[in-house]
Amino acid sequence: MNFSEVFKQSNQLCKVSPDGKYLATCVQYRLVVRDVSTLQILQLYTCLDQISYMDWSSDSLFILCAMYKRGLVQVWSLEQPDWHCKIDEGSIGLVSSRWSPDGRHILNTTEFHLRVTVWSLCTKAVSYIKYPKACQKGIDFSRDGCYMALAERRDCKDYVSVFVCDDWHLLRHFETETQDLAGLEWSPNGCVLAVWDSCLEYKVLLYSLDGRLLSTYSAYEWSLGVKSVTWSPSSQFLAIGSFDEKVRILNHISWKKITQFDHPASINNTKAVVYKEVEKRTAVGTDDLSLHNITMGTTFFNTQSKYEICPAPVQIPVVKPDPDRANPKIGVSTLAFSSDSRYLATKNDNMASVVWVWDMQKLSLVAVLEQTSAVRCFQWDPRRPRLALCTGNTKLYLWSPGGCVSVQVPTEGGLQVQSLNWHCSGDSLILLGKEQLCLCYMDIDQEDK
Amino acid sequence: MEEWWTTVPIGTSLGNYEISSISHVTMSPSRQNNLVSTHSSFPLSKSSYNVISAFCTEDNIPQCISYINQELDSLGLSSTCIEASSAGGAGLNTVPALNALYELMQIHRRDMSTLEELEKERLKKSNTLDHIQMNNSRLKDQLELSIREKSGLHETERQLQLRIKTLQSCLKTEKDEVQKLQSIIAGRASQSSHDAKRKEREAAKLKERLSQLLVDRRDKKLAIDVLNCVGRSDGKRSHWKTAKATVGHEGEMYKSLLNDYEASQRSLMLENAELKKVLQRMKKEMMHILSPHQPSPRGAAADDSRDQANSDGEETAGDSSRETLDQSCEHAREQLANSIRQQWRKLRKHMEKLDSQASQVQSQLEPQQEVIPREAHEDEMERMRREVQQCKEFIQAQQQLLQQQLNTSFDDETAALLNDCYTLEEKERLKEEWRLFEEQKRNFERERKNFTEAAIRLGREKRAFEEDRASLLKNQFLNMTPFTDRRRCSSSDGQSALSIRSEPETRMSSTKSQPVKSSTSTPNSSQSAVVPSTAELYRTLRLIPDSSTSRHSNQGRWQESSSIEDGDVRVKSKNRVRCGDFSVFSLGEDENSLTS
């Protein structure tokens, strides 16, 4: 495992182009594009203000930079550095901006969710979509980029509009049986739309592309409900994390619950491996067998940490949430399927330092990673069943079915990893600190072992 | 009693009364009073008999007779009439009188016995009465208790009732409260939802208005500024929105939906086929398993005929299902499921039977069967542990090698740089070694000095020792000569107390051939342990004059020793005089005790 030198960034705006060739980072009001392999600066663009959002177009040709405070969006072309485009939303304001899947349209959501403005880079045409709903996830594009589902609210009722992204033609418009729609998500095959209600009611609705209601699922009533919803990449499972600290898995045929994953405070499952991160300040002993300590020789200045495997009955630290607060810190907030749909990683908010990995073939717990501090972010390798996570310290943690390692990020001053992103090839990883970033290259042969 | 009475002569009747009365007394003390009264009546009557002024006197015999007769008549004893033997005479006609008396006696007896019986009866009755009374009182107590209990229960019941009533009222109020609260909540909910809706509507209106205003104002800023338009990502030109396009979109949508359904159907069909295959194989295997076993249990089972019929039916069904399996028809599926179910049932029955058999067998063979696998298991565990150990060692070795390699590579890279370091280090080390060497040298010098000193001392000691030996030899020599006493006295004069104390040393060196003696620490003990030679004895006697053993064993030489003692006392210095006196005194005492 190798690490690049450290680069500056701001607002954690750093993205690899979809084709995996370029790395765009924002530093204040500047946009820097580098070659991923050499890390040499290819282009440098200067925006009008501090950039609050940045994204690549799907064909990796354009970069969108949004400045929400100013209500501005600037688009840069990688092929023609002197080409420029500036979209001004004017006094109506801007809260969100995104590319359409074709990379030729920009969708801006105005302040107060008055409307969604669709700007075309091809024709300069502008079109409006009224009544977008301000919610957790109000817009979703299907994986193939053909359709867009948009949550709407009119006359105190929830609606979903399905647009054809090609020419923004309204394909379907239907009312949903929700009290207060909180989010929607297309299945990866683009044929089923999952819609869920706000946390006040446990309700998940499944709609076909043509607006037919396929199924409704509700696990319980009178308690805080859905917290997160994720499709498996195979579209076979729909995982629903809820405030009752459970994940329920629905199947794609009958849309019934296959199983549910509990997150108990004491783990008695002997088949699951519980990795516990142990920190120690002394130098590495000879009995330390973790590979990285030998290869890296990281006896610098920071505390060493390694994983220890705990025997079966393990108590997990649980933080009791304040029941009087809104959005209590309890329940499964993050769900992620591995790229092969084989594993599911979850995080329960009142056990913030623990990541759970579940096997979707055996429908059982595989591993539990107990960190010393709260887990900030975790992401699956887009190619392999390999999970990277960070906890806001100077270490990177990796889990794979073969085992678990913690790696010290060897940078001067210590890069506190707040967030991470896999390169689409799965060969490298971008580690984002507060103001810095660093690339981590995986050893190909190491992981083959 | 009656019979006994008949045999007893009349004359003893009085005594008999006595006895009977006594027996009465012994029978029941409760009746004593009664008896006493009756008893007292006899002596009274007796005495009255003696007294002259009684019922009958000489004068009124006829009156008495007539009276008695009347009385007897009234008693129904009219047959026997007492007559005077001679009218107006004092004599009585004896036979009728005796007969009457006898009759009377009889009556009395009877009466007495009846009385007794009655008494007994009465006693019994009174006992029963007592018992009944006691029972009665007990029952009364019970009754009272029960009544009290009942009243208590009544009270508690009343209280409970009261409580129930209050609780019911409470419940009612609570229910009311709940209902009220629910209605309030519902009201609030509807109110809030209504409000929310109103707010939302207002917000929507505001938004509408805002957007209208923004549109109306012709916001100049709202604009897109593009250098030149870019082509579509698919390279095609954009086209107008037409009905045809809409239809196309619809078509696209349905096409994709259809594709999806087809795909899912295909996968389901594949899965179905797989499952069917598995099912078929399972069925086949089941049949295969069951068919050879059929004859043996059949013979044993009582209801084999029914089973036979069943199995026949199954087989036909199975065959038909196998035929129709590929067609995947509804009825075929039904049949297949049925046959599978039946076979499964049979298999389960068989398994249960096997299980019971196995358990029986196991109960017989349990001890041996239990032990063997455990041992094997243990062995396996041991082996695995060893393997793990080996692996660990291997890994350790590898790690060490790796580290070594790392180190060496590191050396190579910075060998030149390190050279200087190494020389410096070497120098340091040499200096350190030099210092150490110096120190050692000093130590050595010191030791040498010590050694020389020791050698000098040794020489001196040796010289002293030689002198001692010379004197000793001289002494010995002189002791052996006939004029011992004077010589010895003179020799002892010349020796100080110190030299005396060093005597054993000299002796030790002189008599090396006698290790038993030399090993002892004090001359006293040595003397006691070994039979001394004459010379030694002399010497010891000189050293310890008041040694009891010497005195006892060598009485014959006592004179000699005492004379030596005398000489000793005489010659020794002033401060030892007292000690000499004491010794002399003690010696004298000893002598006294010996002589006495």
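Everything numeric in this text was worked out from a predicted model, so none of it was measured. (Residues numbered from 1 in each chain as written. Chains lettered and ligands numbered in written order. Predicted model: local features only at pLDDT ≥ 70, side-chain atom pairs only at ≥ 80, totals over all residues. Heavy atoms only, no water.)

Visitor: Please give an account of the overall build of chain B that cites residues and values.
Guide: What chain B contains, in helices and strands, is 19 helices and one strand. In chain B, which comprises 596 residues, the share counted as buried stands at 17%. Contacts in chain B between residues at least 24 apart in sequence constitute 50% of all its contacts with a sequence separation of at least 6. Accessible area of chain B: about 46600 Å², with a carbon and sulfur share of 58%. (Helix = DSSP H or I, 4+ residues; strand = E, 2+ residues; numbered from the N terminus. Buried < 20%, exposed > 50% of the residue type's maximum accessible area, 1.4 Å probe, protein only. Contact = heavy atoms within 4.5 Å. Areas by Shrake-Rupley, 256 points an atom, 1.4 Å probe, with all protein chains shown as cover.)

Visitor: Requested: an account of the overall build of chain A, with residues and values cited.
Guide: Within chain A, the secondary structure is distributed over two helices and 40 strands. Residues classed as buried in chain A amount to 58% of the 449 residues present. Here the analysis covers contacts within chain A between residues at least 6 apart in sequence; of these, 44% occur between residues at least 24 apart. As displayed, chain A offers around 18400 Å² of accessible surface, 49% of which is attributable to carbon and sulfur atoms.

Visitor: Tell me what's going on with the interface of chain A and chain B, and back it up with residues and numbers.
Guide: Listed by partner, the interface residues are 50 residues for chain A and 44 residues for chain B. With both sides pooled, the region where chain A packs onto chain B buries about 4400 Å², and carbon together with sulfur makes up 58% of that total. Taken together, chain A and chain B are joined by three salt bridges. For E250 of chain B, the salt bridge goes to R172 of chain A, with nearest N and O atoms at 2.8 Å. If you look at where chain A meets chain B, you find nine residue pairs in polar contact (both at pLDDT 80 or more). (Buried area = accessible area lost by both parts, 1.4 Å probe. Salt bridge = Lys/Arg side-chain N within 4 Å of Asp/Glu carboxyl O. Polar contact = N/O pair within 3.5 Å; in protein donor to acceptor, adjacent residues only side chain to side chain.)

Visitor: Provide a residue-level description of helix 5 (residues 94–217) of chain B, including the pertinent values.
Guide: Look at helix 5 of chain B: 175 Å from first C-alpha to last across 124 residues, which is about the 184 Å you get at 1.5 Å a residue. Buried residues of helix 5 of chain B: P96, A97, A100, Q106, R109, E116, E119, S211 and L214 of chain B, and no others. (Expected span 1.5 Å × (residues − 1).)

Visitor: Report on a nonpolar patch on the surface, specifying residues and quantitative values.
Guide: All names here are of chain B. On the surface, a nonpolar cluster with roughly 360 Å² of combined accessible area is contributed by L75, L98, L101 and L104. Relative to the elements of secondary structure, L98 occurs in helix 5. A relative accessible area of 49% places L98 in the partly exposed class. (Patch = residues over 30% accessible without salt bridge, like charges linked within 9 Å, V, L, I, M, F, W, Y side chains within 5 Å.)

Visitor: I'd like a description of the confidence of the model for chain B, backed by residues and values.
Guide: Any residue range with low pLDDT should be treated as having predicted coordinates unsuitable for detailed reading. Residue and element names in this part refer to chain B. Looking at chain B as a whole, the pLDDT averages 70, with 56% of positions reaching at least 70. This stretch, residues 486–530, has a pLDDT under 50; its non-local contacts, to residues over four places away or in other chains, come to 37 contacts. Scored below 50 in pLDDT, residues 544–596 makes 26 contacts in the model with residues more than four places away or belonging to other chains. (pLDDT = per-residue confidence, 0-100.)

Visitor: Can you lay out the pairing of strand 19 (residues 192–197) of chain A for me, pointing to particular residues and giving the numbers?
Guide: On any regular strand, side chains alternate: one points to one face of the sheet, the next to the other face. All names here are of chain A. Counted residue by residue, strand 19 has six buried out of six residues, so it is predominantly covered. Residues V192, A194 and W196 point to one face of strand 19 and L193, V195 and D197 to the other, with burial holding for every one of them. As defined by bridge partners, strand 18 (residues 181–186) adjoins strand 19 across five bridges and the pair is classed as antiparallel. Pairing of L184 across the sheet is with V195, part of strand 19. (Pairing = 2+ DSSP bridges.)

Visitor: Help me get a handle on the pairing of strand 31 (residues 343–348) of chain A, residues and values and all.
Guide: Residues and elements named next belong to chain A. The buried fraction of strand 31 amounts to six of the six residues, a majority that puts the element mostly inside the structure. Neither face of strand 31 is open: one carries Y343, A345 and K347, the other L344, T346 and N348, and all of them are buried. Strand direction decides the pairing type here: strand 30 (residues 332–337) and strand 31, joined by five bridges, are antiparallel. Directly across from L335, in strand 31, lies its bridge partner T346. Connecting strand 30 to the antiparallel partner strand 31 that follows it, the hairpin turn spans five residues, and S341 within it adopts a positive phi of roughly 60°. Here strand 31 pairs with strand 32 (residues 354–359) via four bridges, running antiparallel. Looking across to strand 32, one finds that T346 is bridged to W356. The turn joining strand 31 and strand 32, which pair antiparallel and follow one another in sequence, is formed by five residues.

Visitor: How would you summarise the nonpolar core if you had to cite specific residues and measurements?
Guide: All names here are of chain A. V160, L193, L238 and I240 are the most contacted members of the largest nonpolar core, which has 37 residues in total. Contact partners of L193, with chain neighbours within four places excluded, come to A149, V160, F174, L184, E185, W186, L205, L206 and Y207. Counting residues in each nonpolar core, the second largest holds 21 residues, with F237, V247, V274 and L335 among its members. (Core = buried A, V, L, I, M, F, W, Y, C linked by side-chain atoms within 4.5 Å.)

Visitor: Now, about the side chain of R104 of chain A: what can you tell me, with residues and values included?
Guide: Looking at the secondary structure, you find R104 of chain A in the loop between strand 10 (96–99) and strand 11 (105–109). A polar contact of 2.9 Å, which involves the side chain of R104 of chain A, links it to the side chain of D59 of chain A.

Visitor: Can you lay out the packing of aromatic side chains for me, pointing to particular residues and giving the numbers?
Guide: Residue and element names in this part refer to chain A. What the rule picks out here adds up to 16 aromatic pairs over all chains. Arranged with centres 5.9 Å apart and planes meeting at 90°, the rings of W231 and W255 form a pair that is edge-to-face. Of this pair, W231 sits in strand 22 (residues 226–231) while W255 sits in the loop between strand 24 (246–251) and strand 25 (257–262), placing them 24 residues apart in sequence. Here W231 and W255 have matching classes, each one buried. (Phe/Tyr/Trp six-rings, centres within 6.5 Å; stacked < 30°, edge-to-face > 60°.)

Visitor: Can you tell me about the confidence of the model for chain A, naming the residues and giving the values?
Guide: Residues and elements named next belong to chain A. Scored by pLDDT, chain A has a mean of 88; 94% of the residues are at 70 or more. Long-range and interchain partners of residues 283–289, a stretch whose pLDDT sits below 50, account for twelve contacts in this model, where long-range means more than four residues apart. Note that residues 291–300 has pLDDT below 50 and, in this model, 21 contacts with residues that lie over four places away or in other chains.

Visitor: Would you mind going over the side chain of S198 of chain A in detail, with residue names and values included?
Guide: Residue and element names in this part refer to chain A. Relative to the elements of secondary structure, S198 occurs in the loop between strand 19 and strand 20 (204–208). Assessed through its relative accessible area of 13%, S198 is described here as buried. Residues in contact with S198, not counting those within four places in the same chain, are D180 and A182.

Visitor: Account for unusual backbone geometry, with residues named and values stated.
Guide: If a residue is not glycine, its phi is most likely negative; likewise, a peptide bond is most likely trans. All names here are of chain A. Despite not being glycine, L39 has its phi angle at roughly 65°, a positive value. The topology assignment puts L39 in the loop between strand 4 (30–35) and strand 5 (41–46). Positive phi, normally seen in glycine, also occurs at S341, with a value near 60°. Along the polypeptide, S341 turns up in the loop between strand 30 and strand 31.

Visitor: Residues and numbers for helix 4 (residues 61–74) of chain B, please.
Guide: All names here are of chain B. For helix 4, built from 14 residues, the straight-helix expectation of 20 Å at 1.5 Å per residue is met to within 8% by its first-to-last C-alpha distance of 19 Å. If you check which residues of helix 4 are buried, you get I61, C64, I65, N69 and L72. Along the axis of helix 4, the buried positions cluster into a sector of 135°, meaning they face one direction only. Counted as exposed and oriented over 90 degrees from the buried face of helix 4: Q70 and S74. (Arc of directions from axis to C-beta.)

Visitor: Please set out the sheet that holds strand 22 of chain A residue by residue, giving values where relevant.
Guide: The strands making up a sheet associate through backbone hydrogen bonding, with each pair oriented either parallel or antiparallel. Residue and element names in this part refer to chain A. Strand order across the open sheet formed by four strands is 22-23-24-25, with antiparallel pairing between neighbours. The open sheet terminates on both sides in strands that have one partner only, identified here as strand 22 and strand 25. Ignoring which end each strand starts from, the neighbouring axes of this sheet average 20° apart. Pairing of strand 22 with strand 23 (residues 237–242), which is carried by five bridges, proceeds in the antiparallel orientation. By the bridge assignment, V229 is partnered in strand 23 with I240. (Axes fitted to C-alpha atoms, helices over the stretch in contact; angles between N-to-C directions.)

Visitor: Go over the sheet that holds strand 15 (residues 147–154) of chain A with me, naming the residues and quoting the values.
Guide: Residues and elements named next belong to chain A. If you walk across this open sheet you meet the four strands as 14-15-16-17, and the pairing is antiparallel. Of all the strands in the sheet, the pair left with one neighbour each is strand 14 (139–141) and strand 17 (169–175). On average, each strand axis in the sheet is inclined to that of its neighbour by 20°, with strand direction left out of account. The pairing of strand 15 with strand 16 (residues 157–164) spans eight bridges and is antiparallel. Across the sheet, residue L150 finds its bridge partner in strand 16, namely S161.

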